[in-house]
Amino acid sequence: MRLFNSTTIRLFHRTFTQNIVPPNAITKLHKMSTVGKPINCKAAVSYKPNAPLVLDTITVDPPKSHEVRIKIINTAICHTDAYTLSGKDAEGLFPCVLGHEGAGIVESVGEGVTSVKVGDHVIPLYTAECGVCKFCKSGKTNLCGSVRATQGKGVMPDGTSRFHDSKGQSLYHFMGCSTFSEYTVVADVSVVAIDQTAPLESVCLLGCGVTTGYGAAIKTANVQKGDTVAVFGAGTVGLSVVQGAHSRGASRIIIVDINDNKETVSREFGATDFINPTKLSEGQTIVDKLVEMTDGGLDFTFDCTGNVDVMRSALEACHKGWGQSVIIGVADAGKEISTRPFQLVTGRVWKGSAFGGIKGRSEMGGLIKDYQEKKLKVDEFITARRPFSEINEGFEDLHNGTCLRTVLKF
Ligand code: NAD
Ligand code: AHE
Ligand code: ZN
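Since the structure is predicted, the reported quantities are computational estimates derived from the model, not experimental observations. Residue positions within a chain follow its written sequence, with the count starting from 1. Written order determines the labels here, with chains lettered from A and ligands numbered from 1. Given that the model is predicted, a residue must reach a pLDDT of at least 70 before its local features are reported, and side-chain atom pairs must reach 80 or more before they are shown or counted; all residues, however, enter totals for whole chains, interfaces and linings. Calculation of side-chain values draws on the structure's entire complement of heavy atoms; hydrogens and water are dropped beforehand.

Outline the coordination of the zinc ion (ligand 3), listing residues and values.
Coordination of the zinc ion (ligand 3) by the protein comes from Cys 78 (SG), His 100 (NE2) and Cys 208 (SG), over a distance range of 2.0 to 2.3 Å. Considering all 4 donor atoms around the zinc ion (ligand 3), the spread of angles at the metal, 98 to 126 degrees, places the coordination shape in the tetrahedral class. Only nitrogen, oxygen and sulfur atoms within 2.8 Å of the metal, or 3.2 Å for Na, K and Ca, are treated as donors, and water is left out, so sites may look incomplete. In the primary sequence, the donor residues of the zinc ion (ligand 3) line up as C-x21-H-x107-C. Taken together, the positions of Cys 78 in the loop between strand E3 (67-76) and helix H3 (79-85) and His 100 in the loop between H3 and strand E4 (101-109) put the pair 22 residues apart, joining distant regions of the chain. We call a residue buried when its accessible area falls under 20% of the maximum for its residue type, exposed when it is over 50%, and partly exposed in between, using a 1.4 Å probe and counting protein chains only. The buried category is assigned to Cys 78, whose relative accessible area is 3%. Looking at His 100, the relative accessible area reads 0%, which means it is buried. Tetrahedral means four donors with every angle between 85 and 135 degrees, whereas square planar (four donors) and octahedral (six donors) require angles over 155 degrees between opposite donors and between 65 and 115 for all others; sites fitting neither are termed irregular. For the purposes of this entry, the term helix denotes a DSSP run of H or I that reaches at least four residues, the term strand denotes a run of E that reaches at least two, and both are numbered from the N terminus.

Explain unusual backbone geometry to me, and be specific about the residues and the numbers.
With an omega of -5 degrees, the peptide bond between Phe 94 and Pro 95 qualifies as cis. Located in the positive-phi region is Ser 178, a residue other than glycine, with phi close to 45 degrees. As for its placement among the helices and strands, Ser 178 is situated in the loop between strand E7 (170-171) and strand E8 (183-187). Here the phi dihedral of Asp 295 falls at roughly 55 degrees; this positive angle occurs in a residue that is not glycine. With respect to the helices and strands, the residue Asp 295 is situated in the loop between helix H10 (286-293) and strand E13 (300-303). The class for Asp 295 is exposed, based on a relative accessible area of 71%.

Tell me about the site of ligand 1, and name the residues and values.
What makes a residue near a molecule or strand is one non-hydrogen atom of that residue sitting within 4 Å of it. In the vicinity of ligand 1 lie 27 residues, with His 79, Thr 80, Asp 257, Lys 262 and Phe 355 positioned nearest. Polar contact criterion, stated in full: a pair of N or O atoms within 3.5 Å, where within protein one must be able to donate a hydrogen and the other to accept it, and residues adjacent in sequence count only if both atoms are side-chain atoms. In this structure, an oxygen atom belonging to ligand 1 sits 3.0 Å away from a side-chain N or O atom of Arg 405. When contributions to the shell around ligand 1 are tallied by element, the ones reaching two or more residues are H3 and helix H8 (236-247). Gly is placed with the polar residues, together with every amino acid not listed as nonpolar (Ala, Val, Leu, Ile, Met, Phe, Trp, Tyr, Cys and Pro) or charged (Asp, Glu, Lys and Arg). Looking at the shell around ligand 1 residue by residue, the class counts come to 12 nonpolar, 12 polar and 3 charged.

Before we move on, can you summarise the nonpolar core with the specific residues and values?
In summary, soluble globular proteins display a tendency toward joint burial of nonpolar side chains. The term nonpolar core refers to a set of buried residues drawn from Ala, Val, Leu, Ile, Met, Phe, Trp, Tyr and Cys, joined through side-chain atoms within 4.5 Å. If you look at the biggest cluster of nonpolar residues, it comprises 92 residues, and the most contacted ones within it are Phe 180, Leu 206, Phe 302 and Met 364. What marks off one domain from the next here is an automatic or database domain assignment. Counting only domains with at least three residues in this core, you end up with domain 1 (25-207 + 377-409) and domain 2 (212-354). In terms of nonpolar packing, the next biggest core, distinct from the first, is built from 12 residues, Phe 232, Val 256, Leu 290 and Ala 317 among them.

Mind laying out helix H13 (residues 360-372), listing which residues take part and the relevant values?
Three- or four-residue spacings in an α-helix give side chains the same orientation, since the helix completes a turn every 3.6 residues. Expected helix span is computed as 1.5 Å times (number of residues minus one). Relative to the 18 Å expected for 13 residues at 1.5 Å per residue, H13 spans 17 Å between its end C-alpha atoms, a close match to the ideal helical length. Among the residues of H13, Gly 360, Met 364, Leu 367, Ile 368 and Tyr 371 are the ones counted as buried. Mapping the buried residues of H13 onto a view down its axis gives an arc of 100 degrees, with all of them on the same face. At the C-terminal side of H13, Lys 374 shows a positive phi close to 60 degrees. Taking the helix axis as origin, the arc is that swept by the directions to the C-beta atoms.

Quick one: what's the story with the sheet that holds E13, residue by residue and with numbers?
Strand pairing requires that DSSP identify at least two bridges connecting the strands. Strand order across the open sheet formed by 6 strands is E12-E11-E10-E13-E14-E15, with parallel pairing between neighbours. This sheet does not close on itself; its edge strands, each paired only once, are strand E12 (273-275) and strand E15 (349-352). Across the sheet, the mean angle from the axis of one strand to that of its neighbour is 20 degrees, orientation sign disregarded. Bridge count between strand E14 (residues 324-327) and E15: 4 bridges; the pairing is parallel. Opposite Val 326, over in E15, you have Lys 351 as the bridge partner. In what follows, a contact means two residues having at least one pair of non-hydrogen atoms within 4.5 Å. Working convention: axes come from line fits to C-alpha atoms, limited for helices to the stretch in contact. Angles between N-to-C directions cover 0 to 180 degrees. Against the sheet, H8 makes contact with strand E10 (228-232), strand E11 (252-256) and E13, and its axis sits at roughly 175 degrees relative to E11, the strand it touches most.

So what about the state of the cysteines? Which residues, and what values?
When two cysteine sulfur atoms are found within 2.5 Å, that pair is recorded as a disulfide. Scanning all chains against the criterion turns up 0 disulfides. For Cys 133, which is in no disulfide, the shortest distance to another cysteine sulfur is to Cys 130 and amounts to 3.7 Å. Given the relative accessible area of 14%, Cys 133 is considered buried. With no disulfide partner, Cys 144 has as its closest neighbouring cysteine sulfur the one in Cys 130, 3.7 Å distant. Residue classification places Cys 144 among the buried positions, given a relative accessible area of 10%.

Now, about the sheet that holds strand E2 (residues 54-60): what can you tell me, with residues and values included?
Overall, antiparallel pairing links the 4 strands, which are arranged E1-E2-E6-E7 in an open sheet. Across the chains shown, the open sheet's two edge strands, defined by having one partner strand only, are strand E1 (39-45) and E7.

Can you lay out the site of ligand 2 for me, pointing to particular residues and giving the numbers?
By nearness alone, 13 residues border ligand 2, and Thr 80, Asp 89, Glu 91, His 100 and Arg 148 come closest of all. Taking Thr 80, its side chain carries an N or O atom lying 2.5 Å from an oxygen atom of ligand 2. The separation between a nitrogen atom of ligand 2 and a polar side-chain atom of Glu 91 is 2.8 Å. With residues, only the protein chains shown are counted as cover, and all accessible areas are computed by Shrake-Rupley using a 1.4 Å probe. Starting from 530 Å² of accessible surface for ligand 2 in isolation, the protein chains cover 71%. Broken down by class, the residue content of the shell around ligand 2 amounts to 8 nonpolar, 2 polar and 3 charged.

Below you can see the structure in the form of structure tokens.
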């Protein structure tokens, strides 16, 4: 679909006027603008759990007040998209447009939007940052209260959807982003403008996985030089924890993963050891093994699997008195964590991290800069590139054992 935004129109207007083009050509061009009009475009619709996504032409309504309509250029598939599609997400709603790890260009903005403008390159944020709510002002968290309630109900802050399928059925939004559509609408507090020179194909990964793991290490845990770290799960999130811990000078970074194919890549990101917990000596647990390797336990452990039994092992492998375990993985609806309270009485700390504790609108620019200055690996997570039409094959990639991220292009 060939579209013109208002900046393009202004430029054409100037060129046409200078070259004395008939006024009716300009009027025609204005008529082609999509601003203020619904757009029909490609999208992958999830109609029900555990079923392939349906490629459809959907209608995306114009942004309302304090909303932004984005032309998505690239989107990747995060494990969380697969999790919600599996039907195990307590907040999962169908039919919906999934996707939350994307990057694109602002097509139009609603009334009152001042933070981004038409033509800006942007990353949608599932963790909003309004700057004025109790959470934002606390200085204690990156969680923001401004749009989270409606976001979890699959609608825009005014309680309605901007998406309709080709039969006119309303579709739910997902995580305030819905990047599996050529055009999407997000709240203005849920989007950040980025450096125009940053390649969207790469930096779309900063919309979730890389930022989450890296932030969990350098912000939530605040790993320091010499600390010992164990990371359970060597996906994009876990390996991003590894690169965060490595950048801080951790003395030991142990990856625990049931898939031996992850050893080489784990070491490339900075892991010093790799353990497959299914291949321990008879009678030995992963907690025994880690405690033995680290003279009593780790300074920091991270769960990047979403498995509640793994979360318990991660907590119990922490050093008595000060070890901290950070839960990043997302667990199935109905699952709960448990341990002996004595584990906490004796000084271990259990905490969690959403989007790595990163405030998207304030801190994304710094991450992009780190990437551009080659201090933060991002390209290395792309294990496949596909056209958007192959999104279902992209979901299959997730299960192939070597996949980190498949990036789709519209
Ligand atoms: P992924 O599927 O790419 O990686 C998970 C890794 O865990 C795989 O390498 C797998 O082999 C390994 N694994 C599975 N079971 C294991 C076990 N029992 N012991 C050890 N390793 C095991 O997933 P990802 O995209 O890296 O995401 C990881 C988790 O983080 C998911 O649960 C995802 O939903 C969640 N997540 C949370 C946030 C957040 O903000 N909290 C953000 C992004 C993703
Ligand atoms: N809907 C799930 C919870 C999902 C969840 O915990 N999401 C993470 C981000 S996963 C990104 O891949 C998160 O940031 N959570 C904080 C938040 O506000 O959603 C459920 O259990 O209901
Ligand atoms: Zn994600």
